[in-house]
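# A look at the structure
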Amino acid sequence: MSRTVVITGGTNGIGLALARHYSERGDQVIAIGSSQAGQDRLRRQAPQARFDRADLSSVKQTNELIDRLRSTYPAIDVLVLAAFRYQLSRGETDEGFERTFALSVVNRWLMSRALRPALERAEAPVVLDLCGVGGIRAGEIHWDDLQLERGYRPFKATMQGARAAELLAAAYAAEPVRYVLYNPLFVATGLFEPFRQPVRGLVRLASALFAQPVSKAILPMTALIDSPPAAPLSAYVRGRPVAFTPDPAAARRLDAVIRDLVSPLTA
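Since the model is a prediction, treat every value here as computed from it, not as a measurement.

All right, on to the pattern of salt bridges then. Following the criterion strictly, the structure yields 14 salt bridges and no others. Of the charged contacts, one joins aspartate 226 and arginine 25 as a salt bridge, the two residues approaching to 3.1 Å between their closest N and O atoms. Here aspartate 226, found in helix H8 (residues 214-226), pairs with arginine 25, found in the loop between helix H1 (13-24) and strand E2 (28-33); they are 201 residues apart in sequence, far enough to count as distant. Residue arginine 178 pairs with glutamate 175 through a salt bridge whose shortest N-O separation is 2.7 Å. The exposure class of arginine 178 is buried, given its relative accessible area of 16%. Ionic contacts of the salt-bridge type, sharing partners, join the residues Arg3, Arg25, Asp27 and Asp226 into one network.

Counting residues in hydrophobic clusters, the biggest one holds 47 residues, and the most contacted among them are Leu69, Leu79, Met111, Val127, Leu181 and Ile258. Of all elements in the fold, only E2, helix H3 (59-72), strand E4 (78-81), helix H4 (99-114), helix H5 (116-120), helix H6 (154-172), strand E6 (178-183) and helix H9 (248-266) reach the threshold of two or more residues within this core. When residues of this core are assigned to their parent elements, the largest contribution, nine residues, is made by H4. Of all hydrophobic cores here, the second largest spans 30 residues; its members include Val5, Ala17, Phe51 and Ile225.

Calculation notes
Residues numbered from 1 in each chain as written. Predicted model: local features only at pLDDT ≥ 70, side-chain atom pairs only at ≥ 80, totals over all residues. Heavy atoms only, no water. Salt bridge = Lys/Arg side-chain N within 4 Å of Asp/Glu carboxyl O. Helix = DSSP H or I, 4+ residues; strand = E, 2+ residues; numbered from the N terminus. Buried < 20%, exposed > 50% of the residue type's maximum accessible area, 1.4 Å probe, protein only. Core = buried A, V, L, I, M, F, W, Y, C linked by side-chain atoms within 4.5 Å.

Written out as structure tokens, the structure reads:
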């Protein structure tokens, strides 16, 4: 039976590979991207998939996207949260959010919470959140400086997003939706592109030598999507289950903080 699969970041890298896989299998795939180049790439590589344009770092555009999805697809079987961009320098959205925080934290909160009713109408709903769970170095939430106005570093922002993913998933997890945190580690998805030379050349070389091909990297993900784990919340690193114990109080706190931050923009 055909399923409805929504993929943020669905026009590049892992998101695009998943869009191609599920659209070729006959599922109804909606790939979310922000550029004409992404749309063109989707048309070439996954022509059966549908494209919906939105700047996912924008709360306004994300809410407009959510409204379109809810009105068109009453039931959503799979939500893949794959949108990510490595920001070398600090920048803010028009709404005043630091860009990594907007895309990695705020957008994932909005998409998962607002689309939950549609997910709950599906037979075996699953959210697959691509993040840094189980990484070598755990991130932390900078409660007094969430927007990293003081001492921004790209890795620091990325790792805060990874820890936020764990906490927000813990606050979300409950029947019947299965929430799966997934860390694909090093995958050949053009990770070198944001960097300047000579770092760009070094990362590109490392990618060529050590990164896992996208076609291979998505296989454990599709297995989890097709046969979701029994637990409401689970975490995997490159296909291997990992244990993690997010602080319930911190999870509730972050969930409430994000709700308060976006509520003036969603009224």
